[in-house]
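Remarks on the overall topology
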Amino acid sequence: MIVTIDGVAASGKSSVASGVARALGVPYVSSGLLYRAATLLGLEAGLRLENAAELLAHLRAQPLRLEALAEGNRVWVEERDLTADLHSSRVDRGVSVVAALPEVRAWVDGQLRALPEPFVAEGRDMGTAVFPQAAAKFYLTASPRVRAERRARERPEDVPAIEAALVERDRLDTVQSAPAPDARVIDTGNLTLEGVIGAVLAGLPARQG
Ligand SMILES: Nc1ncnc2c1ncn2[C@@H]1O[C@H](COP(=O)(O)OP(=O)(O)O)[C@@H](O)[C@H]1O
Ligand SMILES: Nc1ccn([C@H]2C[C@H](O)[C@@H](COP(=O)(O)OP(=O)(O)O)O2)c(=O)n1
């Protein structure tokens, strides 16, 4: 079984996916971490992020490995764990350029589709482009201010700066971020994290066996 959780930036996708995955006893998969890792490696190598051919050649030369655990995903390049460097404002600023490249999207999608079921997948297009056959689909939203206030607890910048960056990233990510027609949309603005996880679990099809 595949459950998809898509949504706008900082809407709670990874925290909710992790909670749902732990409740179900399955892994969750953060597609955004692969886009972030591709961006970080491109920035570190001094590549122009809009040059798909250069970036893909670089990614093929140093294969990324997504470790999809229910407690939290990690991304490795050989023995180096990139995870702690993936949520910087520098990566935030570059990642939408990388995520707009069709070649990079195909590279990420190929890695995701190779994963063994069951799992909970979170991102922007999990329920539309990547796993249209998913058993249950959810789409998380919240106002830019609420999302910025939450993210301000994890970033050194202030709320207005984070809010402006989130709104800009939503705009750049619009193409791949439409909810699936069969997704349940959850506005997380007035819910706790546990409340959102409970709403997702309540919306799952009854399990057999
Ligand atoms: N419903 C909620 N209520 C309060 N805080 C939340 C809620 N959902 C997520 N958070 C917090 O908001 C922040 C961003 O959530 P995260 O899961 O990283 O979002 P995303 O994966 O969509 O970027 C985290 O600090 C998380 O704990
Ligand atoms: N399936 C996905 C996942 C992420 N992306 C892009 C869009 C986002 O700006 C970046 C980073 O995604 P991520 O989910 O880590 O970002 P947020 O935590 O929501 O801020 O990658 C995408 O285009 N498609």
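Report on the accompanying structure. No experiment lies behind these values; they were computed from the predicted model shown.

Further remarks concern the site of ligand 1. Taken together, 14 residues surround ligand 1, and among them Lys13, Ser14, Ser15, Arg151 and Glu154 come closest. Interatomic distance of 2.8 Å between a side-chain N/O atom of Lys13 and an oxygen atom of ligand 1. Side-chain polar atom of Ser15 to an oxygen atom of ligand 1: 2.4 Å apart, as the coordinates give it. Coverage of ligand 1 by the protein chains reaches 81% of its 560 Å² of free accessible surface. At the level of secondary structure, the elements contributing two or more residues to the shell around ligand 1 comprise helix 1 (13-24), helix 7 (144-152) and helix 9 (193-202). Here the element with the most residues in the shell around ligand 1 is helix 1; it accounts for three residues. Its residues assigned to classes, the shell around ligand 1 comprises four nonpolar, six polar and four charged.

Okay, the side chain of Thr188 next. Among the secondary structure elements, Thr188 is positioned in the loop between strand 8 (184-187) and helix 9. A residue is classified by how much of its surface remains accessible, and Thr188, at 2% relative accessible area, is buried. Beyond its immediate chain neighbours, meaning those up to four positions away, Thr188 contacts Ser11, Leu140, Thr141, Ala142, Arg150 and Val196.

On to the nonpolar core, then. Counting residues in each nonpolar core, the largest one holds 35 residues, and the members touching the most others are Leu64, Leu82 and Phe131. With seven residues, the single largest contributor to this core is helix 2 (residues 31-44). Ignoring sequence-local partners within four residues, the contact set of Phe131 consists of Ile2, Thr4, Leu112, Arg113, Phe119, Ala121, Met126 and Lys137. Counting 19 residues, the second-largest nonpolar core is a separate cluster that includes Ile5, Ala17, Val20 and Ile186.

Applying the stated criterion to the full structure yields 13 salt bridges. Between Arg145 and Glu163 there is a salt bridge whose closest N-O contact spans 2.5 Å. With Arg145 in helix 7 and Glu163 in helix 8 (residues 159-172), the pair connects residues that are 18 residues apart, well separated along the chain. Using a relative accessible area of 18% as the deciding quantity, one classes Glu163 as buried. Among the ionic contacts, a cluster of salt bridges with common partners joins Arg36, Asp92 and Arg155.

Taken together, the buried positions of helix 3 (residues 52-61) are Ala52, Leu55, Leu56, His58 and Leu59. Projected onto a plane normal to the axis of helix 3, the buried residues spread over an arc of 160° and lie on a single side. Pointing more than 90 degrees away from the buried face of helix 3 are the exposed residues Ala53, Arg60 and Ala61. Those residues of helix 3 that are buried lie in contact with helix 2, strand 3 (64-68), helix 4 (89-99) and helix 5 (102-113). Taking the backbone nitrogen of Ala53 as reference, a side-chain oxygen 3.3 Å away marks Asn51 as the first, capping residue of helix 3.

Inspection of the region around ligand 2 gives 19 residues, with Lys13, Arg36, Arg169, Asp173 and Gln176 positioned closest. In this structure, Lys13 approaches ligand 2 through a side-chain N or O atom, which is 2.6 Å from an oxygen atom. Note that an oxygen atom of ligand 2 is positioned 2.8 Å from one of the side-chain N or O atoms of Arg151. Summarising the interface, the protein chains cover 97% of the accessible area of ligand 2, which totals 510 Å² for the free molecule. Of all the secondary structure elements, the ones that give two or more residues to the shell around ligand 2 are helix 2 and helix 4. The residue inventory of the shell around ligand 2, partitioned by class, reads six nonpolar, five polar and eight charged.

Looking now at the sheet that holds strand 8. Taken together, five strands build an open sheet; the order of strands is 2-6-1-7-8 and the sheet is parallel. A strand with exactly one partner marks an edge of an open sheet, and here the two such strands are strand 2 (28-30) and strand 8. Across this sheet, the average inter-strand angle for adjacent strands is 20°, counted without regard to direction. Relative to strand 8, strand 7 (residues 136-141) runs parallel, the two being bridged by four bridges. In the sheet register, Leu140 faces strand 8, and the bridge partner there is Ile186.

What counts and how
Residues numbered from 1 in each chain as written. Chains lettered and ligands numbered in written order. Predicted model: local features only at pLDDT ≥ 70, side-chain atom pairs only at ≥ 80, totals over all residues. Heavy atoms only, no water. Near = heavy atom within 4 Å. Polar contact = N/O pair within 3.5 Å; in protein donor to acceptor, adjacent residues only side chain to side chain. Areas by Shrake-Rupley, 256 points an atom, 1.4 Å probe, with all protein chains shown as cover. Helix = DSSP H or I, 4+ residues; strand = E, 2+ residues; numbered from the N terminus. Nonpolar A, V, L, I, M, F, W, Y, C, P; charged D, E, K, R; others polar. Buried < 20%, exposed > 50% of the residue type's maximum accessible area, 1.4 Å probe, protein only. Contact = heavy atoms within 4.5 Å. Core = buried A, V, L, I, M, F, W, Y, C linked by side-chain atoms within 4.5 Å. Salt bridge = Lys/Arg side-chain N within 4 Å of Asp/Glu carboxyl O. Arc of directions from axis to C-beta. Pairing = 2+ DSSP bridges. Axes fitted to C-alpha atoms, helices over the stretch in contact; angles between N-to-C directions.

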